[in-house]
Amino acid sequence: MELGEAGKSRVRGYLYVLERSLSSFLPRDVVADAVREIQTHIADRVGAVEGVPDERAALERILAELGPPLRVAQAYSAELTLDEAVTTGRIGPMARSIGHFAVNSVAGFFGALGLFLGYTAGVAFIAIAALKPIFPDNVGLLYRQGQLIGFGARFPVEAGQTIAGGYWVIPISIGIGLLVLVYTHKVARRWLAWFGERRQQRLRRNAVGS
Amino acid sequence: MNIQGWHEQLRRGALDLAILASVAPGPRYGLEIIRRLEDFTDLVVTEGTIYPILARLTREDLLAASWTTSESSHPRKYYRLTTQGRRALDDMIGDWHAFTGKIDRLIDASGRNDHGTR
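One structure accompanies this document, and this report is about it.

Parameters and conventions
- Residues numbered from 1 in each chain as written.
- Chains lettered and ligands numbered in written order.
- Predicted model: local features only at pLDDT ≥ 70, side-chain atom pairs only at ≥ 80, totals over all residues.
- Heavy atoms only, no water.
- Helix = DSSP H or I, 4+ residues; strand = E, 2+ residues; numbered from the N terminus.
- 1 Å grid on protein atoms, 1.4 Å probe; cavity = no way out; pocket = protein on both sides within 12 Å on 5 of 7 lines; lining within 4 Å.
- Points joined across faces, edges and corners; volume = space filled by probe spheres on them.
- Nonpolar A, V, L, I, M, F, W, Y, C, P; charged D, E, K, R; others polar.
- Contact = heavy atoms within 4.5 Å.
- Buried area = accessible area lost by both parts, 1.4 Å probe.
- Salt bridge = Lys/Arg side-chain N within 4 Å of Asp/Glu carboxyl O.
- Polar contact = N/O pair within 3.5 Å; in protein donor to acceptor, adjacent residues only side chain to side chain.
- Core = buried A, V, L, I, M, F, W, Y, C linked by side-chain atoms within 4.5 Å.
- Buried < 20%, exposed > 50% of the residue type's maximum accessible area, 1.4 Å probe, protein only.
- Phe/Tyr/Trp six-rings, centres within 6.5 Å; stacked < 30°, edge-to-face > 60°.
- Patch = residues over 30% accessible without salt bridge, like charges linked within 9 Å, V, L, I, M, F, W, Y side chains within 5 Å.
- Areas by Shrake-Rupley, 256 points an atom, 1.4 Å probe, with all protein chains shown as cover.
- Pairing = 2+ DSSP bridges.

A tally of regular secondary structure across chain A gives 7 helices and 3 strands. Along chain A, helices and strands appear, N-terminal first, in the series α-α-α-α-α-α-β-β-β-α.

Put into structure tokens, the structure is as follows:
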């Protein structure tokens, strides 16, 4: 079967959605290779169709058997990005996996939100350590009317508030920050492994029909 | 017990083995692998989700992939078993036979060996 303009446009649309979906979590070269392979698959399937009066129906059947582009992209996410993230713990793949889950499911969003708060807290402690030598009078233990109300930086220090704490704040902040970051990262890897396994099971249920 | 869920789990677990076995006779491209799965098994596949599995098996060095152009057609990505993949397939086949052999014996011993009724 030779596709007409409408058919070619439909295939371009399918591949565009697939490419955009894959680009959110996979490196560019992997995306290009995956899209090219799916494009070849569609061309082979279309080429194998003979003597069909309704081109549109035949093409829609081919694309339906291939699966919606978002589902195909999710399968790539489950098989590739997640695998690399959980195995290596590298920041890039982990960030891509967490981000992908966050925008694709409610549970993923709240899980990612929790991890974001953990990472932010860790970075905040490191930032306190970095700011202390520059703004020694604005960073440390924050008191209001003699009562401890927080730990961090305040610009400017309001009336009735005092900042206490010497340069010991620096190693303490670095220590707490690193502890929080390492712990959050460990939790993130475990969460990705658990969440990914759940999704992979669902995807394979879809791949292997009933 | 959810028989349908059990049935799906059983087939899911065999998917990697089935894909590696489909490639074992020689290099094949994606659609050929899918066709082979359909010809030899009752796996009904959402075709697009097989490609990510092929990509993962390639990343795990069980398969090697390369784009090949023949005179009569457009470029296709061919997959072939690596040495590591062949070894893994042999192990998986051994495990599969051992596993099914034991379950078969258990079923025989239970007096419920009426397979072929489904």
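A few words now on empty space enclosed by the protein. What the rule picks out here adds up to 2 cavities of 30 Å³ or more. Approximately 60 Å³ is the volume attributed to the largest cavity. As for the largest cavity, its lining consists of Glu37, Thr40, His41 and Asp44 of chain A together with Tyr29, Gly30, Leu31, Tyr51, Trp67, Arg76 and Lys77 of chain B. For the lining of the largest cavity, the secondary-structure elements that each account for two or more residues are helix H2 (28–48) of chain A together with helix H3 (30–40) and strand E3 (76–81) of chain B. Classifying every residue of the lining of the largest cavity by side-chain character gives 4 nonpolar, 3 polar and 4 charged.

Listed by partner, the interface residues are 29 residues for chain A and 30 residues for chain B. Interface of chain A and chain B: buried area, both sides summed, is about 2800 Å²; carbon and sulfur atoms make up 56% of it. Counting across the chain A and chain B interface gives 3 salt bridges. Linking Glu47 of chain B and Arg45 of chain A is a salt bridge whose minimum nitrogen-to-oxygen distance equals 2.9 Å. Taken together, the connections running from chain A to chain B amount to 10 residue pairs in polar contact (both at pLDDT 80 or more). Of all elements in the fold, only H2, helix H3 (55–66), helix H4 (69–88) and helix H7 (169–207) of chain A reach the threshold of two or more residues within the side of chain A that touches chain B. The residue makeup of the side of chain A that touches chain B, split by class, is 9 nonpolar, 8 polar and 12 charged.

Here the focus is the nonpolar core. Counting 48 residues, the largest nonpolar core has Leu22, Ile38, Ile42 and Tyr76 of chain A together with Ile19 of chain B as its most contacted members. Sequence-distant contacts of Ile19 of chain B, defined by excluding residues within four places in its chain, comprise Ile33, Leu37, Ile50, Ile53, Leu54 and Leu57 of chain B. Grouped together as the second largest cluster of nonpolar side chains are 12 residues, Leu82, Met94, Ile98 and Ala112 of chain A included.

Let us look at the layout of surface pockets. Gaps left between atoms are located by rolling a probe of water-molecule size over the structure's atoms. Residue and element names in this part refer to chain A. Counted as a void, the second largest pocket has a volume near 260 Å³. Taken together, Met1, Glu2, Leu3, Lys8, Val11, Arg12, Leu15, Gln39, Ile42, Ala43, Val46 and Gly47 make up the lining of the second largest pocket. Of all the secondary structure elements, the ones that give two or more residues to the lining of the second largest pocket are helix H1 (5–23) and H2. It is H2 that provides the largest number of residues to the lining of the second largest pocket, a total of 5 residues.

Now for the packing of aromatic side chains. With the rule as written, the count across this model stands at 8 aromatic pairs over all chains. Taking 4.9 Å as the distance between ring centres and 70° as the angle between the ring planes, the aromatic pair formed by Phe101 of chain A and Phe195 of chain A counts as edge-to-face. Here Phe195 of chain A lies in helix H7 and Phe101 of chain A lies in helix H5 (residues 91–104), a separation of 94 residues in the sequence. Judged by relative accessible area, which is 1%, Phe101 of chain A ranks as buried. Judged by centre distance (5.5 Å) and plane angle (75°), the ring pair of Tyr29 of chain B and Tyr78 of chain B falls under edge-to-face. Separated by 49 residues along the polypeptide, Tyr29 of chain B in strand E1 (residues 28–29) and Tyr78 of chain B in strand E3 bring together distant segments of the chain. Classification of Tyr78 of chain B by relative accessible area gives partly exposed; the value is 22%.

This brings us to a nonpolar patch on the surface. All names here are of chain A. Together, Val106, Phe109, Phe110, Leu113, Phe116 and Leu117 give the surface a local cluster of nonpolar side chains, amounting to about 640 Å² of exposed area. Locating Phe110 in the fold gives a position in helix H6 (residues 106–131). Using a relative accessible area of 53% as the deciding quantity, one classes Phe110 as exposed.

One key point about sheets: their strands pair by backbone hydrogen bonds, in either a parallel or an antiparallel sense. With respect to topology, 3 strands assemble into an open sheet ordered E1-E3-E2 (chain B), the strand pairing being antiparallel. Looking along the sheet, the strands with just one partner apiece sit at the ends: E1 and strand E2 (63–68) of chain B.

Pairing of side chains with opposite charge becomes possible as their charged atoms draw close. Counted according to the given criterion, the structure contains 10 salt bridges over all chains. For the salt bridge of Asp33 of chain A with Lys77 of chain B, the shortest nitrogen-to-oxygen distance reads 2.3 Å. Residue Asp33 of chain A is found in helix H2, and its partner Lys77 of chain B is found in strand E3; the two belong to separate chains. The class for Asp33 of chain A is partly exposed, based on a relative accessible area of 24%. Residue classification places Lys77 of chain B among the buried positions, given a relative accessible area of 14%. Across the pair Arg56 of chain B and Glu60 of chain B runs a salt bridge, and its minimum N-O distance is 3.5 Å. Of the residues examined, Glu60 of chain B reaches a relative accessible area of 30% and is grouped as partly exposed.

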